[in-house]
Protein chains: 2
Amino acid sequence: MSSQLTGNQQAIRWHPPAYDIRVESVPIPKIEHPDDAIVKIKLAGLCGSDLHTYRGTEELTDALTCGHEFIGEVVALGESFHNGVTGRPDLYADLNIGDKVVSPFTVSCGECHFCRVGFTCRCVESRLFGTPTTPGGQAQYVRVPRAGGTLYNLRDIVGAAGTSQSEKEDVTKLADSSLLLLCDILPTGVFAAFQALNHPKTLPMMNSCPYPQSSSFARFALSSKVLGAEDVSLTFAIVGLGPVGLCACISLFDILTSRGADFRIVAIDPVEARREKMNAIISTIANKGPHLHSIAVASIDESKDIVEKWTNGLGCNAVLEVVGNTSALTLAYELVRPFGSISAVGVHSGNQIPFSGRQLYDKNVSFDFGRCPVRAMFPAALDILLRRQDVFGAVGGTASLVEKIVGFDEAADTYELFDKGKCGKVLFDPWK
Amino acid sequence: MSSQLTGNQQAIRWHPPAYDIRVESVPIPKIEHPDDAIVKIKLAGLCGSDLHTYRGTEELTDALTCGHEFIGEVVALGESFHNGVTGRPDLYADLNIGDKVVSPFTVSCGECHFCRVGFTCRCVESRLFGTPTTPGGQAQYVRVPRAGGTLYNLRDIVGAAGTSQSEKEDVTKLADSSLLLLCDILPTGVFAAFQALNHPKTLPMMNSCPYPQSSSFARFALSSKVLGAEDVSLTFAIVGLGPVGLCACISLFDILTSRGADFRIVAIDPVEARREKMNAIISTIANKGPHLHSIAVASIDESKDIVEKWTNGLGCNAVLEVVGNTSALTLAYELVRPFGSISAVGVHSGNQIPFSGRQLYDKNVSFDFGRCPVRAMFPAALDILLRRQDVFGAVGGTASLVEKIVGFDEAADTYELFDKGKCGKVLFDPWK
Ligand SMILES: NC(=O)c1ccc[n+]([C@@H]2O[C@H](COP(=O)([O-])OP(=O)(O)OC[C@H]3O[C@@H](n4cnc5c(N)ncnc54)[C@H](O)[C@@H]3O)[C@@H](O)[C@H]2O)c1
Ligand SMILES: NC(=O)c1ccc[n+]([C@@H]2O[C@H](COP(=O)([O-])OP(=O)(O)OC[C@H]3O[C@@H](n4cnc5c(N)ncnc54)[C@H](O)[C@@H]3O)[C@@H](O)[C@H]2O)c1
Ligand SMILES: [Zn+2]
Ligand SMILES: [Zn+2]
Ligand SMILES: [Zn+2]
Ligand SMILES: [Zn+2]
């Protein structure tokens, strides 16, 4: 089934120690394992996570091919892929050369405990694209390990059980630049929102039912009460308005409005350009409902006053940390109320967490850290992607999440601009 | 309604800087605010939390009356208590002199947002008994602020909606030494278990449903699967087997067996006497079911091997930290699996949390810190108390949670023994 390509390709490569991006000619990858697929890239994303490598924070010593967000077309498959394979993830039987695929940013086998349970980003075979061992997708071709567990076949998504005919048509119509958002940033935004909304410390407000009856597995001798309107109104903060923070805000807004919840969100970034983008998005997504007043965009200092005023000094029910540095965690702690939770999706460095045990005890704080299990969040992300084409659809509008699509010749400049917060989400077209 | 007492009483008092416990004669407290009640103490508990003061960790400079666990009888009430009070917690209308009451270890008004939502330990009026501003219950009398929000009237518990006649009788029959456990350690143990069992990262195993469909507020385009038996078996660790750790273990065991869950628990303490008590309790609570094999008692080193072997190196689904020091948190992190959660009820000091952001990100760890909202956990705790009279009923048996009841003359010695892990739960009878 393998139809190997030979020769060289162009790839965006990072060189140590930091800030050194070059477009280089490297060999087209080959099938190395029966479970591999080779994907010809249509679009690859530049992401805040690439900046950790770019800035040298990872202290890597070898050059690497960047990028962990890509969509494309299958051009070669290993021996594991053939009709009639059973007992393995469906894709080993289904995937064909020519199929259009979306890839989560990590490899997942689909066969281990973590994959089965939905913790796909912690698969025992996990690998992150764009790292020394797993060349990334900012290239013309990429090798995808455990491809039968890792990739989504667009054909399968369209045909999935429970998908209505009109949804199928909508998926088919999605632009490549929209689909690319499913690799990482939209599922991660949904994940950040999901963790905040489903935390046992948020459930009383979501369910109008006091703690702990608001959760499943307590045992109760007494019957439960219903909470009044003044107790169930929710206040959230989103710390960091890079592309992932924007997705987190849109997801949170979308889920809360669809539930008719009474809520407020303060969206925070020190960089003005990032706040402007957020404002443009808000006036698009919130311009019809009664909720225009419910999102404020703020600098760090402003945010403290806003939360203070909105909540009479109580603080936020939950804070979504979408930055990945110590100052963002400190701000999150300051803004959260007692018995609140912090959903931290930022990729953090080796610095120690800036809290004492006493601080966390004294506020009954909860923390959720970590990587998004993209495969598991995919259905929820696709749903939001379809319903919010006003911001996820077009490229380059004031309220568009994707700012532009550029060729590899602009790679070094684009990394630099993105690093400085001077541009938003940019995609690379390797054939431009 | 107030019938003030005058004169002096005996009280167990701590003196700075550390390890200095004296029984002293101090004035009987008086009603200072209309919402106050004065309670004549029947029994007061000595608790691991008292040790933070005892050891000088709190760096307090003034002497204080110790103790935050007490049951007793109402002997004086402020002006707020009279029949016909409306719009306030029921107890302002109901409570009478002579009523038998159980007190949570913190004051809660019953009227603020936190109280209404069930986060009662973070009441805006919160005070901890046995601190400089709020004299404790290791005395003959104690003043209870916001008593209409804080206290439980045993009569009300017995008459609560949903309580069957036989339950009412069971509650009436509970020994004082059993009721005393409802002030703190049993609800806190239940809380530790509750946080672990209801965490979104545990729910897939509890619901046999993959993440995130296992939680409430995700949006899904795809239908969900059912997890197989090999994926839903749960492994827990309990770090620290003081009285609270024992209660956590009993609660976890009780909830899991009543759900028919497939689980294993490793219960860990470096002190042999503490492990022996745990073993005695286990052979009592687990001696009939098929689950005898499912709890192991271990030293710190042994625990790592056990978890390694039980889980093929994956680690625990959730760890209950019931110690309150840095080494316990470090052990919890080591034992937890990727996408696991740590329910930390230990009272921690000002030391920084011993983790880097990267460590937490890399394992997708979740943390819940903080104080138990005793009032909110009370129904669940009472339920377990009634069903586990085999360990919570008698005093002084090998498998009894309460080891002995002593007079104030043994206060200083008892503090010393308890501090060294040489005794378990001891109660003081101020009239002995
Ligand atoms: N958990 C996951 O699976 C996952 C997936 C994708 C991205 N990420 C991480 O999420 C984070 C955000 O990604 P992105 O692409 O949006 O990155 P980005 O770098 O474009 O955006 C980060 C934003 O945070 C702002 N910021 C910096 N310090 C701040 C502070 N103290 N308070 C508020 N805002 C502050 C910056 O100005 C910037 O706009 C990164 O750490 C990235 O690595 C995690
Ligand atoms: N969150 C709450 O509301 C709440 C309520 C009550 C008690 N507490 C706290 O819970 C903790 C336990 O209370 P307790 O009364 O059982 O205290 P305790 O001091 O009797 O028990 C603590 C136990 O932990 C053990 N230990 C010490 N280091 C350890 C380690 N690294 N690994 C494993 N075990 C270790 C000790 O040997 C001891 O047996 C204390 O910090 C107490 O203040 C919290
Ligand atoms: Zn990314
Ligand atoms: Zn896997
Ligand atoms: Zn206590
Ligand atoms: Zn209150």
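Residues numbered from 1 in each chain as written. Chains lettered and ligands numbered in written order. Predicted model: local features only at pLDDT ≥ 70, side-chain atom pairs only at ≥ 80, totals over all residues. Heavy atoms only, no water.

## Overview of the nonpolar core
Now for step 1: Residues A:F236 and B:F236 are the most contacted members of the largest nonpolar core, which totals 170 residues.
Now for step 2: The contact partners of A:F236, leaving out residues within four places of it in the chain, are A:A196, A:L197, A:L252, A:L256, A:F263, A:R264, A:I265, A:V266, A:C316, A:A318 and A:L320.
Now for step 3: If you look at the next biggest cluster of nonpolar residues, it comprises 51 residues, including A:A298, A:V307, A:W310 and A:V365. (Core = buried A, V, L, I, M, F, W, Y, C linked by side-chain atoms within 4.5 Å. Buried < 20%, exposed > 50% of the residue type's maximum accessible area, 1.4 Å probe, protein only. Contact = heavy atoms within 4.5 Å.)

## Description of the domain arrangement of chain A
Residue and element names in this part refer to chain A.
Now for step 1: Entries for chain A in the domain assignment read domain 1 (8–184 + 391–428) and domain 2 (187–369).
Now for step 2: Averaged C-alpha coordinates put domain 1 and domain 2 at centres separated by 29 Å.
Now for step 3: Between domain 1 and domain 2, the contact holds 20 residues from the first and 16 residues from the second.
Now for step 4: Between domain 1 and domain 2, roughly 1,400 Å² of surface is buried when both sides are summed, and carbon and sulfur atoms account for 66% of that area.
Now for step 5: Looking at the side of domain 1 facing domain 2, the largest losses of area belong to D184, V391 and L401, adding up to 31% of the total buried there.
Now for step 6: Counting every contact that joins domain 1 to domain 2 gives zero salt bridges.
Now for step 7: Taken together, domain 1 and domain 2 are joined by five residue pairs in polar contact (both at pLDDT 80 or more).
Now for step 8: If you list the elements that add at least two residues to the side of domain 1 that touches domain 2, you get α1 (48–54) and α17 (389–392). (Domains from an automatic or database assignment. Buried area = accessible area lost by both parts, 1.4 Å probe. Salt bridge = Lys/Arg side-chain N within 4 Å of Asp/Glu carboxyl O. Polar contact = N/O pair within 3.5 Å; in protein donor to acceptor, adjacent residues only side chain to side chain. Helix = DSSP H or I, 4+ residues; strand = E, 2+ residues; numbered from the N terminus.)

## Considering helix α11 (residues 243–258) of chain A
Residues and elements named next belong to chain A.
Now for step 1: Look at α11: 22 Å from first C-alpha to last across 16 residues, which is about the 22 Å you get at 1.5 Å a residue.
Now for step 2: With respect to burial, α11 is a largely interior element, 14 of its 16 residues being buried.
Now for step 3: A positive backbone phi angle near 65° is found at G260, which sits one or two residues after α11. (Expected span 1.5 Å × (residues − 1).)

## Looking at the coordination of the zinc ion (ligand 6)
Each pair of donors in an ideal four-coordinate tetrahedral metal site encloses 109.5 degrees, whereas pairs in an ideal six-coordinate octahedral site enclose 90 or 180 degrees.
All names here are of chain B.
Now for step 1: The protein atoms that coordinate the zinc ion (ligand 6) are C109 (SG), C112 (SG), C115 (SG) and C123 (SG), at distances of 2.3 to 2.4 Å.
Now for step 2: Taken together, the four donor atoms coordinating the zinc ion (ligand 6) span angles of 102 to 116° at the metal, a pattern that classifies the geometry as tetrahedral.
Now for step 3: Counting the intervening residues between successive donors of the zinc ion (ligand 6) yields the motif C-x2-C-x2-C-x7-C. In terms of burial, C109 and C115 fall into one category: buried. (Donors = N, O, S within 2.8 Å, 3.2 Å for Na, K, Ca; no water. Tetrahedral: all angles 85-135°; square planar, octahedral: opposite > 155°, others 65-115°.)

## With respect to the interface of chain B and chain A
Interface extent is often summarised as the accessible area lost during association of the parts.
Now for step 1: Between chain B and chain A, the contact holds 82 residues from the first and 81 residues from the second.
Now for step 2: When chain B packs against chain A, close to 7,300 Å² is buried across both sides, 60% of that on carbon and sulfur atoms.
Now for step 3: Across the contact surface, chain B and chain A share four salt bridges.
Now for step 4: The partner of B:R358 in a salt bridge is A:E58, with the nearest N and O atoms 3.5 Å apart.
Now for step 5: For the side of chain B that touches chain A, the residue count by class is 42 nonpolar, 23 polar and 17 charged.
Now for step 6: Here strand β16 (residues 366–369) of chain A pairs with strand β16 (residues 366–369) of chain B via three bridges, running antiparallel. Counted as the bridge partner of A:D368 is B:S366 from β16(B). (Nonpolar A, V, L, I, M, F, W, Y, C, P; charged D, E, K, R; others polar. Pairing = 2+ DSSP bridges.)

## What about the pairing of strand β13 (residues 295–298) of chain B?
Residue and element names in this part refer to chain B.
Now for step 1: Of the two faces of β13, both are covered, the one formed by I295 and V297 as well as the one formed by A296 and A298.
Now for step 2: Direction of pairing for strand β12 (residues 263–268) relative to β13: parallel, over a ladder of four bridges. Bridged to I268 within β13 is A298.

## Some words on the packing of helix α13 (residues 300–310) of chain A against helix α14 (residues 326–335) of chain A
Residue and element names in this part refer to chain A.
Now for step 1: In contact at an axis separation of 10 Å, α13 and α14 are set at 15° when each is read in the N-to-C sense. Taken together, the axes of α13 and α14 lie roughly parallel to each other. In the crossing of α13 with α14, the sense of the turn from one axis to the other is right-handed. Contacts between α13 and α14 involve I300, S303, K304 and V307 on the former and, on the latter, L331, E334 and L335.
Now for step 2: Partitioning the contact of α13 with α14 into residue classes produces four nonpolar, one polar and two charged. (Axes fitted to C-alpha atoms, helices over the stretch in contact; angles between N-to-C directions. Parallel < 35°, antiparallel > 145°, perpendicular 65-115°, else oblique. Left-handed = near helix turned anticlockwise from the far one by under 90°.)

## Side note on the sheet that holds strand β1 (residues 8–15) of chain A
All names here are of chain A.
Now for step 1: One open sheet holds the three strands; their spatial order is β2-β1-β4, and the pairing between them is antiparallel. Looking at which strands have only one partner, the edges of the open sheet turn out to be β2 (20–27) and β4 (64–65).
Now for step 2: Both β1 and β2 contribute to a ladder of eight bridges, which runs antiparallel. The residue of β2 that forms the bridge with W14 is I21.
Now for step 3: The strands that helix α18 (residues 411–419) touches are β1 and β2; relative to β2, the one it contacts most, it runs at about 140°.

## Quick notes on the pattern of salt bridges
Residues and elements named next belong to chain B.
Now for step 1: Using the criterion set out here, one finds 42 salt bridges over all chains in the structure.
Now for step 2: A salt bridge links E69 to K425; its shortest N-O distance comes to 2.6 Å. Of the two residues, E69 sits in the loop between β4 (64–65) and β5 (70–77) while K425 sits in strand β18 (residues 425–428), which places them 356 residues apart along the sequence. Neither E69 nor K425 differs from the other in exposure class; each is buried.

## Focus on the sheet that holds strand β11 (residues 234–239) of chain B
Now for step 1: Pairing within the open sheet is mixed, and its 12 strands lie in the order β13(A)-β12(A)-β11(A)-β14(A)-β15(A)-β16(A)-β16(B)-β15(B)-β14(B)-β11(B)-β12(B)-β13(B). In this open sheet, the two strands that pair with only one neighbour each are β13 (295–298) of chain A together with β13 of chain B. This sheet shows a mean twist of 15° between the axes of neighbouring strands, independent of strand direction.
Now for step 2: The strands touched by α13(A) within the sheet are β11 (234–239), β12 (263–268), β13 and β14 (316–321) of chain A, with β12(A) carrying the most contacts at an inclination of about 165°.

## A closer look at the coordination of the zinc ion (ligand 3)
Residues and elements named next belong to chain A.
Now for step 1: Around the zinc ion (ligand 3), the protein contributes the donor atoms C47 (SG), H68 (NE2), E69 (OE) and D184 (OD), which lie 1.9 to 2.2 Å from the metal centre.
Now for step 2: Taken together, the four donor atoms surrounding the zinc ion (ligand 3) define angles of 98 to 124° at the centre, an arrangement classified as tetrahedral.
Now for step 3: Read in sequence order, the donor residues coordinating the zinc ion (ligand 3) give the pattern C-x20-H-E-x114-D. E69 matches H68 in its accessibility class, with the two residues each being buried.

## Focus: the pairing of β1(A)
Residues and elements named next belong to chain A.
Now for step 1: Most of β1 is tucked away, with six of its eight residues classed as buried.
Now for step 2: What sits between the antiparallel neighbours β1 and β2 is a turn of four residues, in which Y19 has the positive phi angle 60°.
Now for step 3: Pairing of β1 with β4 involves two bridges; the strand directions are antiparallel. By the bridge assignment for β4, W14 is matched with L64.

## Thoughts on the site of ligand 2
Now for step 1: In the region of ligand 2, 33 residues are neighbours, and B:S49, B:H52, B:D269, B:V323 and B:C372 sit closest.
Now for step 2: Taken together, the residues near ligand 2 originate from chains A and B.
Now for step 3: In this structure, B:V244 approaches ligand 2 through a main-chain N or O atom, which is 3.0 Å from an oxygen atom.
Now for step 4: B:S327 is positioned with one of its side-chain polar atoms (N or O) 2.8 Å from a nitrogen atom of ligand 2.
Now for step 5: The fraction of the free accessible surface of ligand 2 (870 Å²) that becomes covered by protein chains is 93%.
Now for step 6: Residue assignment for the shell around ligand 2 shows that the elements contributing at least two residues are α1 (48–54), α11 (243–258) and α14 (326–335) of chain B.
Now for step 7: Sort the elements by how many residues they give to the shell around ligand 2 and α1(B) lands first, with four residues. (Near = heavy atom within 4 Å. Areas by Shrake-Rupley, 256 points an atom, 1.4 Å probe, with all protein chains shown as cover.)

## With respect to the packing of aromatic side chains
Now for step 1: One pass over the structure, following the stated rule, counts 32 aromatic pairs over all chains.
Now for step 2: On the basis of an interplanar angle of 70° and a centroid distance of 5.7 Å, the ring pair of A:Y211 and A:F339 is categorised as edge-to-face. Of the two residues, A:Y211 is situated in the loop between α9 (203–207) and α10 (229–232) and A:F339 in strand β15 (residues 336–344); the sequence distance between them amounts to 128 residues. Taken as a pair, A:Y211 and A:F339 share a single burial class, namely buried.
Now for step 3: Centroid distance B:F70 to B:F129: 5.0 Å. Interplanar angle 90°. Geometry classified as edge-to-face. (Phe/Tyr/Trp six-rings, centres within 6.5 Å; stacked < 30°, edge-to-face > 60°.)

## Comments concerning the UniProt feature "domain: Alcohol dehydrogenase-like N-terminal" (unreviewed entry) in chain A
Now for step 1: Residues annotated by UniProt as "domain: Alcohol dehydrogenase-like N-terminal" (unreviewed entry) correspond here to residues 34–147 of chain A.
Now for step 2: Spanning residues 34–147 of chain A, this segment combines 15% helix with 27% strand, and its end C-alpha atoms are found 10 Å apart. (UniProt positions renumbered as here; feature names shortened; annotations may be inferred.)

## With respect to the environment of A:G45
Residue and element names in this part refer to chain A.
Now for step 1: Mapped onto the elements, G45 comes out in strand β3 (residues 37–45).
Now for step 2: Overall, G45 belongs to the buried group, its relative accessible area being 0%.
Now for step 3: Residues G45 and K425, spaced 380 residues apart in sequence, show a C-alpha to C-alpha distance of 7.6 Å.
Now for step 4: Setting aside residues no more than four positions away along its own chain, G45 makes contact with D50, E69, Q138, L180, V426 and L427.

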